[in-house]
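# Secondary and tertiary structure notes
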Amino acid sequence: EFREREAQSFIDASFDPMIQIDETGIIQVVNESAVQLFGWSREEFVGSNVSMICGGEHAAQHDGYLRRYLQSGQKHVIGKKRKVPARRKDGSEFTIELGVQQVETMQGDLRFCAFIRDLTEANLMRANMMKQQDFIKDTFFGGGGGAHDESHSAPNTPTGGPSTRSGRPRRLRGASSSIQ
C-alpha cells in the first residue's frame, strides 16, 4: 500500500491530466489535474468507463475502438498525439491533445495511460491572433477577407500594382512614364 500511495503522489504531481484505464475501458487511476479539468471527483472517475470524458461521437464508439485494437493489434491512437473532443461533467465540450501509451502490469494485464493537454487557451490565443491579423490587414492594406484569406492580390490601387503609403501607384524602376 505504501508503494501505491507513493506512485499516486508522483502521478498527482503532474501538471497535465493523466488517466489510466484497463482493457475494458474502466478507469483505474486518475490524477488531480484530471479531476480539476473534467469536474468529476476521483471517486466518480475510478471504476467508470472512460467514455464519460469522450466528446462527440467518440463516447459511443470508444469501447469499439478498444476492442478493435485488442483483437487486431493495429495502433490508431497508441503512441501518437491527437486532437480530439472531450467532455466535462457539466456536458461542455472542448478540444484536447491526447497521447496514449500501453503498459503491462507485473501480472501481465494491459493498461492504457492517457496524457491530456487542454487546448482551450491555445485555441483562444490562435483565434485572437487571427483577429489581430485581420485588423492589421484591413487597416493597412484595405481589407480583402482577412489574414487567412487565400487570395494574395495586390493592395487596392488603380493599377493593381505596388503603391506608396498615400495609396497612389508607385512607379517601378525602368518603367516608362509615358502612356501609349
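Structure shown above.
The paragraphs below set out a description of the structure included in this document. (Residues numbered from 1 in each chain as written. Predicted model: local features only at pLDDT ≥ 70, side-chain atom pairs only at ≥ 80, totals over all residues. Heavy atoms only, no water.)

Within the structure shown, the criterion is met by five salt bridges. Among the ionic pairs, E32 bridges to R42, the shortest N-O distance being 3.4 Å. Remark: R42 occurs in helix α3 (residues 42–45) and E32 occurs in helix α2 (residues 32–38); sequence separation between them is 10 residues. With relative accessibility at 34%, the residue E32 sits in the partly exposed group. Ionic pairing is found between K89 and E44, a salt bridge with its closest N-O pair at 2.8 Å. With K89 in the loop between β3 (81–87) and β4 (93–104) and E44 in helix α3, this pair connects stretches of sequence that are 45 residues apart. Its relative accessible area of 44% is what places K89 among the partly exposed residues. Several salt bridges converge on common partners, so that one network encompasses D16, E97 and R117. (Salt bridge = Lys/Arg side-chain N within 4 Å of Asp/Glu carboxyl O. Helix = DSSP H or I, 4+ residues; strand = E, 2+ residues; numbered from the N terminus. Buried < 20%, exposed > 50% of the residue type's maximum accessible area, 1.4 Å probe, protein only.)

A few words on the pairing of β4. Inspection of the sheet shows β3 paired to β4 by seven bridges, in the antiparallel sense. Pairing of R82 across the sheet is with L98, part of β4. Between β3 and the antiparallel strand that follows it, β4, lie five residues; G91 among them carries a positive phi value of about 95°. Pairing geometry for β4 and strand β5 (residues 110–118), over nine bridges, is antiparallel. Bridge pairing links L98 to I116 in β5. Between β4 and β5, which follow one another and run antiparallel, lie five residues, and G108 among them has a positive phi close to 90°. (Pairing = 2+ DSSP bridges.)

Below, the discussion takes up the nonpolar core. Inside soluble globular proteins, nonpolar side chains tend to come together where they are buried. Among the nonpolar cores identified, the biggest contains 26 residues, and I19, I27, F38, F45, I53, F112 and I116 are the most heavily contacted of them. If you list the elements that add at least two residues to this core, you get β1 (18–21), β2 (27–30), α2, α4 (58–72), β3, β4 and β5. Apart from the residues within four sequence positions on either side, I19 is in contact with I27, V29, V30, A34, F38, F45, I53, F112, C113, A114 and I116. (Core = buried A, V, L, I, M, F, W, Y, C linked by side-chain atoms within 4.5 Å. Contact = heavy atoms within 4.5 Å.)

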